[in-house]
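Fold and contact review
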Amino acid sequence: MNYRRLGSTDLEISELSFGTWAIGGDWGNHDDREALKGLERAMDAGVNFFDSADVYGSGHSEELLAKATKGKEDKVYIATKFCRAGNIHDPENYSEKTVRTYLEGSLKRLNREYVDLYQIHCPPLEILQNTEVFALLDKLKQEGKIRYYGVSVETVEEGLFCMTNPNVSALQIIFNIFRQKPVQELFPVALEKKVGILARVPLASGLLTGKFKKNEQFEKDDHRNYNKNGEAFNVGETFAGLPFEKGVELSEQVSWIAQKRSNMTRAALRWILDHEAVSTVIPGFKNVKQVEDNLAADDVPSFTSDEMQRLTDFYWKEVHDHVRGAY
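These numbers were taken from a predicted model, which means no experiment stands behind them.

Remarks on the sheet that holds strand β7 (residues 146–152)
Ordered by their spatial adjacency, 8 strands build an open sheet running β3-β4-β5-β6-β7-β8-β9-β10, and the pairing between neighbours is parallel. Single-partner strands in this sheet number two, and they are β3 (18–19) and β10 (278–281). As defined by bridge partners, β7 adjoins strand β8 (residues 168–174) across 4 bridges and the pair is classed as parallel. Note that in β8 the partner of Y149 across the bridge is V168.

Written as structure tokens, this is what we have:
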């Protein structure tokens, strides 16, 4: 496993890490036993960073992380998020009383004394601009309740604003072959300010595995069914904002990335890791097989400069105009 510094923090984190949305819920059937086996396999391979949120299975993913990392609290870093259990547009949702309640709930479920990286979970830009949430996070940091804090953002504009605050240590963004916009504006600033980048939705909700057909059917409780067009939350969180059928077509057009790299999954993750600004990529998983497939991205060749340019051109010519949702 290779490790990268998370921005200007003292955390050296595995460049391949894992998100825990899928094992918490909203991705169809899931099995806690398989989830725990997957977490164990990841840690055995050197993964020392996991991302969660208090709304993933109403806190269930945090509880699973507590079980899996028991006795390893000083060796495995956990990031979690807050605010989406309430009304994200209400300033009261970011008050000291409310945020402390969110944090104490996460700490209890994680069975930890502090959170390594506490993130605001995709708040509106006006909330970031017009509340004292950053000052509150500074206070929680001084109290030792959190080590560092960051923001999970939907748009480049939000990310750039967050980085005007010198104490924001990390940004979590949607970044993959179908969502390349951050490369131009966001990444150079992140590198300059030494802000870590967590790349989420790296496989575009599975589109970039190359396994889907246009007639694919998803379970009722899978967000790839009920949020296809942004019915429940930001459409960008599902299939990177692409209409599903168009996404399948586009995935077929980039199937060439698997050449020399075993499969599309490993290639798509490798492409993300080939960007210097990225601290870690956080694919999801439900079982050991998926964990192992994702981990293998560390063993495949990097993309050549010609291949990188080919994918950049492809994005701007074929993909960009089809992406829905603010980003």
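A word on unusual backbone geometry
Positive phi, close to 55°, is recorded for N111, a residue that is not glycine. For N111, the position within the fold is in the loop between α4 (96–110) and β6 (115–121). Residue C122 is not a glycine yet carries a positive backbone phi of 55°. With respect to the helices and strands, C122 occurs in the loop between β6 and α5 (125–130).

Let's talk about the packing of α4 against helix α6 (residues 133–142)
Pairs of packed helices are described in terms of their axes, by the angle between the two and the distance that separates them. Interhelical geometry of α4 versus α6 gives an angle of 50° and a closest axis separation of 11 Å. Judged by the inter-axis angle, α4 sits oblique to α6. Taken as a pair, α4 and α6 cross one another with a handedness that is right-handed. Contact residues: E96, V99, R100 and L103 in α4; L136, K139 and L140 in α6. When grouped by side-chain class, the residues that make up the contact of α4 with α6 number 4 nonpolar, no polar and 3 charged.

Description of the pattern of salt bridges
Under the defined criterion, the tally for this structure stands at 25 salt bridges. Here R109 ties to E62 by a salt bridge, and the two come within 2.6 Å at their closest N and O atoms. Taken together, the residues R109 in helix α4 and E62 in helix α3 (residues 60–68) connect sequence positions 47 residues apart. Judged by relative accessible area, E62 falls into the buried class, the value being 0%.

Quick notes on the rules
- Residues numbered from 1 in each chain as written.
- Predicted model: local features only at pLDDT ≥ 70, side-chain atom pairs only at ≥ 80, totals over all residues.
- Heavy atoms only, no water.
- Pairing = 2+ DSSP bridges.
- Helix = DSSP H or I, 4+ residues; strand = E, 2+ residues; numbered from the N terminus.
- Axes fitted to C-alpha atoms, helices over the stretch in contact; angles between N-to-C directions.
- Parallel < 35°, antiparallel > 145°, perpendicular 65-115°, else oblique.
- Left-handed = near helix turned anticlockwise from the far one by under 90°.
- Contact = heavy atoms within 4.5 Å.
- Nonpolar A, V, L, I, M, F, W, Y, C, P; charged D, E, K, R; others polar.
- Salt bridge = Lys/Arg side-chain N within 4 Å of Asp/Glu carboxyl O.
- Buried < 20%, exposed > 50% of the residue type's maximum accessible area, 1.4 Å probe, protein only.

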